[in-house]
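Below are the chains, spelled out letter by letter.
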Amino acid sequence: MDDAASPPRPPSAAHRSPAATGGGGGGSSSMTTISRHFFGGASSDEDHEFYVDIIENMQEDYGMFVWPCSIILAEYVWQQRLRFSGSTVVEVMKNMRSICNLNKVNCKILGITWGEWDDPIFDLNPSIVLGADVFYDSTDFDDLFATVAFLLQSSPGAVFITTYQNRSGHHLIEFLMVKWGLKCSKILDGFSFMPLCKASSLQGNIQLVEIELDT
């Protein structure tokens, strides 16, 4: 994943789109929102800027907003950009292709599903696995950790970096980490590294964790 320059663009308004990804479901009516977020310094630092279009399929019951976990994870990636440069990164997000095009980054795009062992997953040897708010539906947690453990085992030294809102499934997360031979190597309050101008618009008890194999 390499930094890429791109001329400043104003945030886009929310609009309908057929491509969507979301943290949860329920309800019969939905609207897809696209929110553009800018990460970078002053205008003189244009060689280290990037944009993220976050696409969410928002059900009426969950309100019309972008999940804060996505913004916090993107900010962490930005602040750790030298660490990510040149790395092989797996990121589960259906709109990754549009993000790569937006930032003029050449990436191989393919999809994987938690707990399903299709051929493409055996060719992945990531050094970093990213996930934003993937701990939403507890029925998916076991499949998620099984997949993450496999990816980390296929690439020694790899790490899973994720942000999640501390909900009722916290103890299940701890249990499954032990079950799949994983450990938390870093945990941060998601707001501890967020600039005040961005943190003031976000809500929730959000953690950022780095998870590794427990060897």
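Shown above is the structure to which this text applies.
Anyway, here's the lowdown on the structure attached to this text. A quick note: this is a predicted structure, and the numbers were derived from the prediction, not measured.

## A few points about the overall build of the protein
Check the secondary structure of the protein and you find seven helices and seven strands. The linear arrangement of helices and strands in the protein, starting from the amino end, is β-β-α-α-β-α-α-β-α-β-α-β-α-β. Each of the 215 residues in the protein was classed as buried or not, and the buried ones make up 41%. Put simply, of all contacts in the protein between residues at least 6 apart along the chain, 73% involve residues at least 24 apart. Of the roughly 11,200 Å² of accessible surface on the protein, a fraction of 51% belongs to carbon and sulfur atoms.

## Quick look at the sheet that holds strand 7 (residues 206-213)
Taken together, five strands build an open sheet; the order of strands is 3-4-5-7-6 and the sheet is mixed. Two strands lie at the open edges of the sheet, namely strand 3 (89-91) and strand 6 (182-189), each paired on one side alone. On average, each strand axis in the sheet is inclined to that of its neighbour by 20°, with strand direction left out of account. Bridge count between strand 4 (residues 128-132) and strand 5 (residues 159-165): five bridges; the pairing is parallel. By the bridge assignment, Val129 is partnered in strand 5 with Phe160. Contacts from helix 1 (residues 68-79) reach strand 4, strand 5, strand 6 and strand 7 within the one sheet, and its direction differs from that of strand 5 by about 145°. Each of strand 4, strand 5, strand 6 and strand 7 touches helix 5 (residues 141-153); the most contacted strand, strand 7, lies at about 50° to it.

## Notes on unusual backbone geometry
The phi angle at Asp133 is positive, at roughly 55°, despite the residue not being glycine. Of note, Asp133 is situated in the loop between strand 4 and helix 5.

## Some words on helix 6 (residues 170-179)
Taken together, the buried positions of helix 6 are Ile173, Leu176 and Met177. All buried residues of helix 6 fall inside an arc of 105° around its axis, so they share one side. Projecting away from the buried face of helix 6 at angles above 90 degrees are the exposed residues His171, Phe175 and Val178. Its buried side turned inward, helix 6 meets helix 5, strand 5, strand 6 and strand 7.

What counts and what doesn't
Residues numbered from 1 in each chain as written. Predicted model: local features only at pLDDT ≥ 70, side-chain atom pairs only at ≥ 80, totals over all residues. Heavy atoms only, no water. Helix = DSSP H or I, 4+ residues; strand = E, 2+ residues; numbered from the N terminus. Buried < 20%, exposed > 50% of the residue type's maximum accessible area, 1.4 Å probe, protein only. Contact = heavy atoms within 4.5 Å. Areas by Shrake-Rupley, 256 points an atom, 1.4 Å probe, with all protein chains shown as cover. Pairing = 2+ DSSP bridges. Axes fitted to C-alpha atoms, helices over the stretch in contact; angles between N-to-C directions. Arc of directions from axis to C-beta.

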